[in-house]
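Residue-level structural notes
In case you want the letters, here they are:
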Amino acid sequence: FCYLIANIVKEYHYICNQITKFASMETDINRLKVVLAEKKRTNKWLCEQLNVNPSTVSKWCTNSSQPDLETLVKISHLLDVELDDLVNKKFIISQ
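Among the residues of helix α4 (residues 43–50), those classed as buried are W45, L46, C47 and L50. Check the buried side of α4 and you find it contacts α3 (32–38), α5 (54–61) and α6 (69–78). N51 lies just past α4 and shows a positive phi near 55°.

Applying the stated rule across the entire model yields two salt bridges. Between R31 and E38 there is a salt bridge whose closest N-O contact spans 3.6 Å. Assessed through its relative accessible area of 51%, E38 is described here as exposed. Here K74 ties to E70 by a salt bridge, and the two come within 3.6 Å at their closest N and O atoms. On the criterion of helical spacing, the pair formed by K74 and E70 is a turn pair, its members being four residues apart in helix α6. On the basis of relative accessible area, K74 is assigned to the partly exposed category, the value being 43%. Here E70 falls in the exposed class, since its relative accessible area comes to 55%.

Examined against the element boundaries, Q66 turns out to sit in the loop between α5 and α6. Judged by its relative accessible area of 21%, Q66 falls in the partly exposed class. Sequence separation between Q66 and L32 is 34 residues, and the spatial gap between their C-alpha atoms is 9.8 Å. A distance of 2.8 Å separates the side chain of Q66 from the side chain of N30, its partner in a polar contact.

Turning to unusual backbone geometry, a few remarks are in order. One non-glycine residue, N63, lies in positive phi territory at about 65°. Its place among the elements puts N63 in the loop between α5 and α6. What makes N63 buried here is its relative accessible area of 16%. One non-glycine residue, D80, lies in the positive phi region at around 55°. Checked against the element boundaries, D80 lands in the segment after α6. Among the residues examined, D80 registers a relative accessible area of 65% and is labelled exposed.

The rules we used
- Residues numbered from 1 in each chain as written.
- Predicted model: local features only at pLDDT ≥ 70, side-chain atom pairs only at ≥ 80, totals over all residues.
- Heavy atoms only, no water.
- Buried < 20%, exposed > 50% of the residue type's maximum accessible area, 1.4 Å probe, protein only.
- Helix = DSSP H or I, 4+ residues; strand = E, 2+ residues; numbered from the N terminus.
- Contact = heavy atoms within 4.5 Å.
- Salt bridge = Lys/Arg side-chain N within 4 Å of Asp/Glu carboxyl O.
- Polar contact = N/O pair within 3.5 Å; in protein donor to acceptor, adjacent residues only side chain to side chain.

Written out as structure tokens, the structure reads:
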């Protein structure tokens, strides 16, 4: 289990480090907006669950900023999805 978490953390950090590289691409980095819609949840619901400012969740949903790993894990638990379901597969690159 710890090995799996370590790999997820490694992949997430790699993805975050690539944000600048991919900034010019039209593809979103996270799938938060899509997953919220699939789960029939709102930005307001998520900001209340995480106790964060609504503008923060809005920025995550528009991909103008990204949640940190700890927050992403919390979001995955709240929405009952796998962590990698919240990340666009185009940004997970084989190493």
